[in-house]
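Observations on the three-dimensional arrangement
Listed below are the residues making up each chain.
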Amino acid sequence: MKKGSIFELNGIPRMGEALPLALQHVVAMIVGCVTPAIMVSGAVGGGGLSSKDQVILIQAALVVAAVSTLIQLFPIGKGKFGKYAIGSGLPVIMGVSFAYVPSMQAIAEGYGVATILGAQIVGGIVAVIMGLLVIQIRVFFPPLITGTVVFTIGLSLYPTAINYMAGGTGSENYGSWENWLVAFLTLTVVTVLNHFGRGIWKLASILIGIVAGYLISIPFGMVDFSSVGEAGLIQFPRILHFGIHFEISACVAIGILFAINSIQAIGDYSATTIGAMERTPKDEELQNGIIAYGLTNILGAVFGGLPTATYSQNVGIVTTTKVINRWVLGLAAVILGVAGIVPKFSAVLTTIPQCVLGGATVSVFASIAMTGMKLVASAEMDYRNSSIVGLAAALGMGVSQATEALSTFPDWVTTIFGKSPVVLATIIAVLLNIVLPKSREEKKAEEQRKKAIQDILEKDKKELHK
């Protein structure tokens, strides 16, 4: 392999240049990657997972994120399956996504981790189908719809953050002043660094906030290191450690989220190529990237890794620095993978007090909601579009907050529509967007989108005949 610049997609740069840039990517995403696993492990019915199983879940999150990233960076089978390959070949980082957390918590509480992983396999199949048909299907998910879904995800995570700030539901000192003090001090550090920090201080604001909150929490007796002493030095993820269980309602709920995230990935791929490579993504890059997203999630479920997705914060780093070299991001993935096979590292993460995690992540959830609002605002907010967003968010959030609203319905109805607002909000937004009459300008814009898609399909047919 020839030597290359960090500003080129291919070629191996000097280690002295690559390592700090790789660590920058790791620092920006590692907290977001492991926090969903910690949240899900705490939501499992019967008092949560044991500390040993929690360590294994965190390990799997890191290793699966590493493998998924490497496959996206260095596609498998390019040129061997016609225009299809497994992986986009674009400079992106994959990690466990917060988008699935509300639904995963609901499933974990009622059925356990095995049911999440079973639903994840179904979701992976949905993503593969979305990848094969992405050009035709994306017309049903304009920014108005994806924005509504992302906004609802952010809103639905707020109660989780507040419960964590208070010490975690069910904890003996839930709501104590000590928990709130540590949570707000953590949040203060994150907020100050986000607004006044520069460079690595801003990029690592959440990680630095957690370290600060962690140190503050130690004198309050909130940290227990017993699990670290029990953890081993090296341990690889275990196949089917949590098992696989298929529950139809869970599969539907997670499957819909995979369909939405497949479309959302187009935004991250586009932001990467437009912002850092000065071009739009090719059709095969989108298709191959989403197909890989589905297949790696199926593989991840076997090893106990929770659902992954492209990480927008790392897309932001790529577009800001213009560093698109795949070996730099590959080195970041290797660092993640090495961290994942060291149980003591994962065990240290399990000792982080819930109030610290809550204080650090509430800003992340706020950012998710605001991202959704920006996507929504990119469409004209006339009466039609306002109705779609308002009704979808109101019914999605309202039904999930009114815990007894679906009590007379079968359990599967509650699991799909009543536990997490995201699924109901998505279905309502898509249906209303199809049914409600569009303005003349919107019809014209939709016809232009359809024509563009038709042109792409015709181009593909011509290339196939060649």
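Residues numbered from 1 in each chain as written. Predicted model: local features only at pLDDT ≥ 70, side-chain atom pairs only at ≥ 80, totals over all residues. Heavy atoms only, no water.

If you look the protein up in an unreviewed UniProt entry, it shows as Purine permease from Candidatus Blautia faecigallinarum. Note on the protein: under the UniProt heading Subcellular location (unreviewed entry), the record states "Membrane". You can read under Sequence similarities (unreviewed entry) in the UniProt record for the protein the words "Belongs to the nucleobase:cation symporter-2 (NCS2) (TC 2.A.40) family." (UniProt positions renumbered as here; feature names shortened; annotations may be inferred.)

A word on the overall build of the protein. In terms of regular secondary structure, the protein is built from 20 helices and four strands. For the protein, the spread of C-alpha atoms along the principal axes amounts to about 65 × 65 × 45 Å. Sequence-distant contacts in the protein: of pairs separated by 6 or more residues, those separated by 24 or more amount to 82%. When the accessible surface of the protein is totalled, it reaches about 20,300 Å², and 66% of it is carbon and sulfur. Distance from the positive charge centre (30 side chains) to the negative charge centre (26 side chains) of the protein: 10 Å. (Helix = DSSP H or I, 4+ residues; strand = E, 2+ residues; numbered from the N terminus. Contact = heavy atoms within 4.5 Å. Areas by Shrake-Rupley, 256 points an atom, 1.4 Å probe, with all protein chains shown as cover. Lys, Arg positive; Asp, Glu negative; His and termini not counted. Charge placed at Lys NZ, Arg CZ, Asp CG, Glu CD.)

The final tally for this structure, using the stated rule, is five aromatic pairs. An aromatic cluster of three or more residues is present, and its members are Tyr100, Phe258 and Tyr293. (Phe/Tyr/Trp six-rings, centres within 6.5 Å; stacked < 30°, edge-to-face > 60°.)

With that settled, consider the packing of helix H6 (residues 143-165) against helix H19 (residues 421-435). Closest axis-to-axis distance for the H6/H19 pair is 9 Å, and the angle between their directions is 160°. Here H6 is positioned roughly antiparallel relative to H19, judged by the angle of their axes. The interaxial crossing formed by H6 with H19 has right-handed handedness. Of the residues in H19, those in contact with Leu144, Ile145, Thr148, Val149, Thr152, Ile153 and Ser156 of H6 are Pro421, Val422, Ala425, Thr426, Ala429, Val430 and Asn433. In the contact of H6 with H19, the residues fall into nine nonpolar, five polar and no charged. (Axes fitted to C-alpha atoms, helices over the stretch in contact; angles between N-to-C directions. Parallel < 35°, antiparallel > 145°, perpendicular 65-115°, else oblique. Left-handed = near helix turned anticlockwise from the far one by under 90°. Nonpolar A, V, L, I, M, F, W, Y, C, P; charged D, E, K, R; others polar.)

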